[in-house]
Amino acid sequence: MGALITILLLVFVTGLCIGSFLNVVILRTLSEESIVFPGSKCPKCQTPLKWWHNIPLISFIFLRGKCAFCKEPISIQYPITELFTGIAFTLFFMKFGVSIDTLFAWIIASLMIVIAGTDIKEKVVYDLHTYILMGVGLIYAIITTAIAFTQIHQAGTPFEFTKFILLNNPISMSLLGILAGAIILEICARAGYLIAGTRAFGEGDTFIAAGLGAIFGWRTLLFVLALAVVIQVILFLPIFIKGLITNKEWKTLASFLVFVIFAAAFYSLQRIGIISVEKVALFLIGAIILAVLGIVSCILIFKGLREHPENRTYMPFGPAMVAAAFIALLL
C-alpha cells in the first residue's frame, strides 16, 4: 500500500509539472511567443522569475497569489490548470496502470487542456492543436490494431478479413470518427445560418470534434457529443431555463429534456449489451433518433434566440466537448 501511494504521489507531481508547462503553452500560443525562450516572466511587469517562483501549485500558495516583484495578482488559471492536470494524470494512471493506454491518455489529456485553455481564455481554437489531436488518435488506433493482430498471430488463431472487421477495427473506426465529427458539427453549425443568421458553433469546434472522433471512433463520439451538449446547457442552465420559462417556450424545454433522457437511455442500453455492434440495424435506428432529437432541440433553441436576441449569451462549445471527452476516457 505504501509503494502504491508513493507511485500515485509521483504521478500527481508529474501531472502538476506538466500542468505548469501547459500554462506556458496556452499563454504563449495566444501571445505568439516561443514556448522555450525567453524564460518564465511575470506577464504584468515582465520581470524574469526565479526558479522558486515556478514550483507548481506551491509557489502560488506561498506567494499568496501575487507576483514576487510587482505584487500584481497571479491569474487563477495557473494553479487550476496545474491541479487539474495532476488529478487527471493520477486518475488515468489508476484506471489504466502501467500501459501504453496511460501514456496516450496523458498525451490526449494534455492536448485537450491546451485546447480548452485557449478557447476559454480568448475563444480561440488553434488548428495545429486539433491536427495533433487527430494524429495522436490515429497513431493510437494503428498501434492497438497492430497489437491485436500480433496477439492473434502469436496465438495461432485462424484469421480472415471480413466486412465486419474491415469496418470495426480501430483504424477504420478512427478514420470514420474524424469524418463523423467534422460532418456532424458542420451540419449543426451551418444550421445556425438558416435559423439565427449565424453559425451555431465556431469552426474550431468542428476540428475538435474531428480530433475526438479520431480518439473514440464514430460510435462513442455520438455519446461524447451528446454529453457535451448536456454539459454546455448545464453550465448555462439557470439562464437557459429562466429564458425558456420567461418566454414560455415549453416546446423547447420539452424537446431538450426528451433528448437528454433518450441520450442517457441509448448509452445505458449499449453498456448493458441490449444495443451492440452486432445489432447494426438497432444501433443505427437509435443513433438516427438521437441525432433527430438533437437537431430538433437545436432548431427550437435557435428559433428562440432569433425571436429573443436578448437571451443570447455566447460560451465556447470546445470546453464542453473536452469535459465530455474526459468523462468518456474515465468511463
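Quantities reported herein were computed from a predicted structural model and do not represent experimental measurements.

**Comments concerning the overall build of the chain**
Alright, step 1. The helix and strand inventory of the chain stands at twelve helices and zero strands.
Alright, step 2. Counting across all 331 residues of the chain, residues that qualify as buried make up 40%.
Alright, step 3. Intrachain contacts of the chain at a sequence separation of at least 6 include 70% that bridge at least 24 residues.
Alright, step 4. Of the roughly 18,200 Å² that the chain leaves accessible, carbon and sulfur atoms contribute 73%.

**Considering the packing of helix α1 (residues 2-31) against helix α4 (residues 100-122)**
Think of two packed helices as two axes; the pair is described by the angle between the axes and how far apart they sit.
Alright, step 1. With their axes 9 Å apart at the nearest point, α1 and α4 run at an angle of 40° to one another. Between α1 and α4, the angle falls in the class oblique. The element α1 and its partner α4 pack so that their crossing is right-handed. Along its contact with α1, which presents Val11, Ile18, Leu22, Val25, Ile26, Leu27 and Leu30, the element α4 presents Trp106, Ser110, Ile113, Val114, Gly117, Thr118, Lys121 and Glu122.
Alright, step 2. Grouping the constituent residues of the contact of α1 with α4 by class yields ten nonpolar, three polar and two charged.

**A word on the confidence of the model for the chain**
Alright, step 1. In the predicted model, the chain carries a mean pLDDT of 83, and 88% of its residues have values of at least 70.
Alright, step 2. Across the chain, the element-wise mean pLDDT spans from 65 in helix α6 (residues 163-168) up to 95 in helix α3 (residues 77-96).

**What to know about a nonpolar patch on the surface**
Alright, step 1. A contiguous nonpolar patch, built from Trp51, Trp52, Ile55, Ile58, Ile61 and Phe62 and spanning about 740 Å² of accessible area, is present on the exposed surface.
Alright, step 2. Structurally, Ile55 is set in the loop between α1 and α2 (58-62).
Alright, step 3. Looking at Ile55, the relative accessible area reads 31%, which means it is partly exposed.

**Observations regarding the environment of Gly19**
Alright, step 1. Its place among the elements puts Gly19 in helix α1.
Alright, step 2. A C-alpha to C-alpha distance of 7.6 Å links Gly19 and Phe84, two positions 65 residues apart in sequence.
Alright, step 3. With near-sequence residues (within four places) excluded, Gly19 lies in contact with Thr81, Glu82 and Thr85.

**Observations concerning the packing of aromatic side chains**
Alright, step 1. Summed over all chains, the structure comprises seven aromatic pairs.
Alright, step 2. Measuring from centroid to centroid gives 5.2 Å for Phe84 and Phe326, while their planes differ by 85°, and the two rings are edge-to-face. Here Phe326 lies in helix α12 (residues 318-330) and Phe84 lies in helix α3, a separation of 242 residues in the sequence.
Alright, step 3. For Phe84, a relative accessible area of 42% puts it in the partly exposed group.
Alright, step 4. Phe326 gets classed as buried once you look at its relative accessible area, which sits at 8%.
Alright, step 5. Here the aromatic rings of Phe89 and Trp106 are separated by 4.8 Å at their centres, their planes lie at 5°, and the arrangement is stacked. Taken together, the positions of Phe89 in helix α3 and Trp106 in helix α4 put the pair 17 residues apart, joining distant regions of the chain.
Alright, step 6. Judged by relative accessible area, Phe89 falls into the buried class, the value being 3%.
Alright, step 7. One aromatic cluster in this structure is built from Phe84, Phe92, Phe96 and Phe326.

**As for the environment of Thr47**
Alright, step 1. Looking at the secondary structure, you find Thr47 in the loop between α1 and α2.
Alright, step 2. The class of Thr47 is partly exposed, set by a relative accessible area of 24%.
Alright, step 3. On a C-alpha basis, the gap between Thr47 and Phe69 in space is 7.4 Å, while along the polypeptide they are 22 residues apart.

**Points about the side chain of Ser110**
Alright, step 1. Examined against the element boundaries, Ser110 turns out to sit in helix α4.
Alright, step 2. Separated by 2.9 Å, the side chain of Ser110 and the backbone oxygen of Trp106 make a polar contact.

**Here we look at the pattern of salt bridges**
Pairing between side chains of opposite charge can happen when the charged atoms of each approach one another.
Alright, step 1. The tally for this structure, following the rule as stated, stands at one salt bridge.
Alright, step 2. Arg190 is the partner of Glu186 in a salt bridge, and the nearest nitrogen-oxygen pair spans 2.8 Å. Residue Glu186 and its partner Arg190 are both found in helix α7 (residues 170-195); the two are separated by four residues, about one turn of the helix.

**As for unusual backbone geometry**
Of all residues except glycine, most have a negative phi; of all peptide bonds, most are trans.
Alright, step 1. Despite not being glycine, Leu57 shows a phi value in the positive range, around 65°.
Alright, step 2. Note on placement: Leu57 falls in the loop between α1 and α2.

**So, the nonpolar core**
Alright, step 1. Met112, Leu133, Leu212, Phe216, Met321 and Phe326 are the most contacted members of the largest nonpolar core, which totals 45 residues.
Alright, step 2. Going through the elements one at a time, α1, α3, α4, α5 (127-155), α7, α8 (203-235) and α12 are the ones with two or more residues in this core.
Alright, step 3. Top element by residues in this core is α8. It accounts for twelve residues.
Alright, step 4. When sequence neighbours within four positions are dropped, the list of residues in contact with Met321 reads Asp205, Ile208, Ala209, Leu212, Val224, Leu225 and Ala228.
Alright, step 5. Counting residues in each nonpolar core, the second largest holds nine residues, with Leu222, Phe266, Phe283 and Leu290 among its members.

Rules used throughout
Residues numbered from 1 in each chain as written. Predicted model: local features only at pLDDT ≥ 70, side-chain atom pairs only at ≥ 80, totals over all residues. Heavy atoms only, no water. Helix = DSSP H or I, 4+ residues; strand = E, 2+ residues; numbered from the N terminus. Buried < 20%, exposed > 50% of the residue type's maximum accessible area, 1.4 Å probe, protein only. Contact = heavy atoms within 4.5 Å. Areas by Shrake-Rupley, 256 points an atom, 1.4 Å probe, with all protein chains shown as cover. Axes fitted to C-alpha atoms, helices over the stretch in contact; angles between N-to-C directions. Parallel < 35°, antiparallel > 145°, perpendicular 65-115°, else oblique. Left-handed = near helix turned anticlockwise from the far one by under 90°. Nonpolar A, V, L, I, M, F, W, Y, C, P; charged D, E, K, R; others polar. pLDDT = per-residue confidence, 0-100. Patch = residues over 30% accessible without salt bridge, like charges linked within 9 Å, V, L, I, M, F, W, Y side chains within 5 Å. Salt bridge = Lys/Arg side-chain N within 4 Å of Asp/Glu carboxyl O. Phe/Tyr/Trp six-rings, centres within 6.5 Å; stacked < 30°, edge-to-face > 60°. Polar contact = N/O pair within 3.5 Å; in protein donor to acceptor, adjacent residues only side chain to side chain. Core = buried A, V, L, I, M, F, W, Y, C linked by side-chain atoms within 4.5 Å.

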